[in-house]
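# Descriptive analysis of the structure
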Amino acid sequence: MTLDALARLGEGRAAEIRALIRDVPDYPHPPVVFRDITPLLADGPALADVIEAFAGLHLPGGGPVLDGEVDVVAGMEARGFLLGAPLATRLGVGFLPLRKAGKLPPPVDRVDYDLEYGSAAIELRTGTLEPGSRVLLIDDVLATGGTARAAAQLVERAGGRVVALAFLLELVGLGGRDMLTGRTVETLLRVGS
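Residues numbered from 1 in each chain as written. Predicted model: local features only at pLDDT ≥ 70, side-chain atom pairs only at ≥ 80, totals over all residues. Heavy atoms only, no water.

## Quick word on the pattern of salt bridges
Overall, the coordinates contain 14 salt bridges when judged by the stated rule. One salt bridge connects Arg13 with Asp49, and the closest N-O pair in it is separated by 2.7 Å. Taken together, the residues Arg13 in helix α1 (residues 11-19) and Asp49 in helix α3 (residues 44-58) connect sequence positions 36 residues apart. On the basis of relative accessibility, which here comes to 21%, the residue Asp49 falls in the partly exposed class. Between Glu170 and Arg190 there is a salt bridge; the shortest N-O distance is 3.2 Å. Residue Glu170 is found in strand β8 (residues 161-172), and its partner Arg190 is found in strand β9 (residues 185-192); the two are separated by 20 residues along the sequence. (Salt bridge = Lys/Arg side-chain N within 4 Å of Asp/Glu carboxyl O. Helix = DSSP H or I, 4+ residues; strand = E, 2+ residues; numbered from the N terminus. Buried < 20%, exposed > 50% of the residue type's maximum accessible area, 1.4 Å probe, protein only.)

Rendered as structure tokens:
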């Protein structure tokens, strides 16, 4: 485990937060290890620390990455909503949900993409993103990177500019970062896949 941005909280606190992410072997099928963030979400002080760690990357003067250049946070369905909405509030900007296909009424902007086990699509309500908006994309886990890449393409198709992608947890060794080459990617924790 590499503590990345959570290291700012101190090694002990970062380890406590990592311990709240439950590893569930063989779910939904072998050999997948599902990372369950429910215990982290249920712990108010830990959730606050995680949101503050994300904010520390992006607040003016506090972040090495963006130095405050975010107009809107966009979260990938569904756990990206749980992290993205409070982060947007903390940063004082709006929040946009990027939804799975069929969850939004038309008209929508849409990107179809392949997954390791099939295909999927991600959508954004047409007209909700101001052209030229600087967008921070957020989700809980960076694994193979397919959903994150599609989300970035969707935001750009809708006229936004992706300034960074942020993840609570990166599963090292699955190639997710490689799918996002040329983009700023920040993670709070990195673990083996």
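What follows continues from the structure just given.
## Here's the deal with the nonpolar core
Among the nonpolar cores identified, the biggest contains 32 residues, and Phe54 and Leu168 are the most heavily contacted of them. A total of seven residues in this core trace back to one element, the largest contributor, which is α3. Not counting residues up to four positions away in its chain, the partners in contact with Leu168 are Ile21, Ile37, Leu40, Val50, Phe54, Leu83, Asp139, Asp140, Leu188 and Leu189. Ranked by size, the runner-up nonpolar core spans 26 residues in total, among them Tyr113, Leu137, Ala152 and Leu165. (Core = buried A, V, L, I, M, F, W, Y, C linked by side-chain atoms within 4.5 Å. Contact = heavy atoms within 4.5 Å.)

## So, helix α4 (residues 79-91)
Relative to the 18 Å expected for 13 residues at 1.5 Å per residue, α4 spans 19 Å between its end C-alpha atoms, a close match to the ideal helical length. Listing the buried residues of α4 in full gives Gly80, Leu83, Gly84, Leu87, Ala88 and Leu91. Projected onto a plane normal to the axis of α4, the buried residues spread over an arc of 130° and lie on a single side. Gly92 sits one or two residues past α4 and shows a positive phi near 75°. (Expected span 1.5 Å × (residues − 1). Arc of directions from axis to C-beta.)

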